[in-house]
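Spelled out, the chains give:
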Amino acid sequence: MKILGIDIGGSGVKGAPVDIVHGTLAAERFRIPTPKPATPRAVVKAVHRIVEHFEWKGAVGCTIPGRVKHGTVLTAANIDRRWIGANAARLIEEKTGCRTFVLNDADAAGVAEMAFGAGRDRHDFVMVLTIGTGIGSALFINQILVPNTELGHLELDGRDAESHAADSARKRDDLPWKAWARRFQRYLEHVEFLFAPDLLIIGGGISRPKKWEKFSGHLKTQADLTPALLQNEAGIIGAAYSARACYEPEVTV
Ligand code: BGC
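Since we're looking at a predicted model, the values are computed, not measured.

1. Thoughts on the pattern of salt bridges
Counting across every chain of the model gives nine salt bridges. Among the salt bridges present, the one from R82 reaches D80, with a minimum N-O distance of 3.0 Å. Taking the relative accessible area as the measure of exposure, D80 reaches 15% and is therefore buried. With a shortest N-O distance of 3.0 Å, R183 and D173 are connected by a salt bridge. Here the residue R183 occupies a position in helix 6 (residues 177-195), and D173 occupies one in the loop between helix 5 (167-172) and helix 6, the gap between them amounting to ten residues. Overall, the relative accessible area of 18% leaves R183 in the buried class. Salt bridges here are not isolated pairs; linked through shared partners, they connect R122, D124 and D224.

In structure tokens, the structure reads:
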């Protein structure tokens, strides 16, 4: 079965049909630069272009970098604030005519890692952190997602944690990997103190082997620590996989 997965990010809106049985892309990914400003109207237009590119008629799963409940976006730390209160699922359905399920981007990436990547076969307490412009989080117990946790916004040392420990902070402050790893280590210690996961999966661009090897040696965690396996396809795959509830109403995500 195939579902179109779409991942809305700060720099690109990316999509591809996904084989949700195997967790693989069924066609080459299509990417459009994220419109600036990324208003709901402009982004929904970009989503529509992706739907048209694949001449898609089936269900769509789509990510948003904010908290999402029943299709409605509730927070917008790194996206246009006009998203707050917008029913993203309905806007996409109205524009494209496709049944649409919308969820948080880190939750989607986490779902993909649990089903097809680094968390496969793990039934204990798993925390997925996506590190990029922001820090996204997804928690799983026995493979079941606790959605919308937003742990990037924990207050740590008097500030919003992601503003100091995300990859964008490394770039902004021009930090060598080791110096950034110290910040990230502090953040990991804090989330471990609060949650004590059994496995920590780190996703986002920094999970690519070439980057991972630059800083992972400086990290020490109680939990098992591993990079994500699906990297920049995780959001697309997880969004599509989560949208299977559009076909199987008894599946809840
Ligand atoms: C947002 C989260 C998102 C994360 C990663 C944070 O700023 O609040 O919803 O998952 O960035 O994109």
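Having seen the structure, we can now continue with the description.
2. Regarding a nonpolar patch on the surface
A surface patch of nonpolar side chains, amounting to about 300 Å² of accessible area, comprises M1, V21 and Y247. Topologically, M1 is positioned in the segment before strand 1 (2-8).

3. Details of helix 2 (residues 88-96)
All of the buried residues along helix 2 are A88, A89, I92 and T96. Within helix 2, the buried residues cover an arc of 100° as seen down the axis, which keeps them to one side. The opening residue of helix 2 is N87, an N-cap whose side-chain oxygen sits 3.3 Å from the backbone nitrogen of A89. Looking one or two places after helix 2, you find G97, whose phi comes out positive at around 80°.

4. Structural notes on the site of the ligand
Near the ligand, the surroundings consist of 13 residues, among which N104, D105, E150, H153 and E162 are the closest. At 2.9 Å from an oxygen atom of the ligand is found a side-chain nitrogen or oxygen belonging to N78. In isolation the ligand exposes 310 Å². Once the protein is present, 94% of that is buried. When residues of the shell around the ligand are traced back to their parent elements, those giving at least two are helix 3 (105-116) and strand 10 (135-141). Here the residues of the shell around the ligand are counted per class, giving four nonpolar, six polar and three charged. Three or more residues apiece are contributed to the shell around the ligand by two domains, here domain 1 (2-107 + 233-246) and domain 2 (121-229).

Calculation notes
Residues numbered from 1 in each chain as written. Predicted model: local features only at pLDDT ≥ 70, side-chain atom pairs only at ≥ 80, totals over all residues. Heavy atoms only, no water. Salt bridge = Lys/Arg side-chain N within 4 Å of Asp/Glu carboxyl O. Buried < 20%, exposed > 50% of the residue type's maximum accessible area, 1.4 Å probe, protein only. Helix = DSSP H or I, 4+ residues; strand = E, 2+ residues; numbered from the N terminus. Patch = residues over 30% accessible without salt bridge, like charges linked within 9 Å, V, L, I, M, F, W, Y side chains within 5 Å. Areas by Shrake-Rupley, 256 points an atom, 1.4 Å probe, with all protein chains shown as cover. Arc of directions from axis to C-beta. Polar contact = N/O pair within 3.5 Å; in protein donor to acceptor, adjacent residues only side chain to side chain. Near = heavy atom within 4 Å. Nonpolar A, V, L, I, M, F, W, Y, C, P; charged D, E, K, R; others polar. Domains from an automatic or database assignment.

Keep in mind that these numbers describe shape and distance, not what the molecule does.
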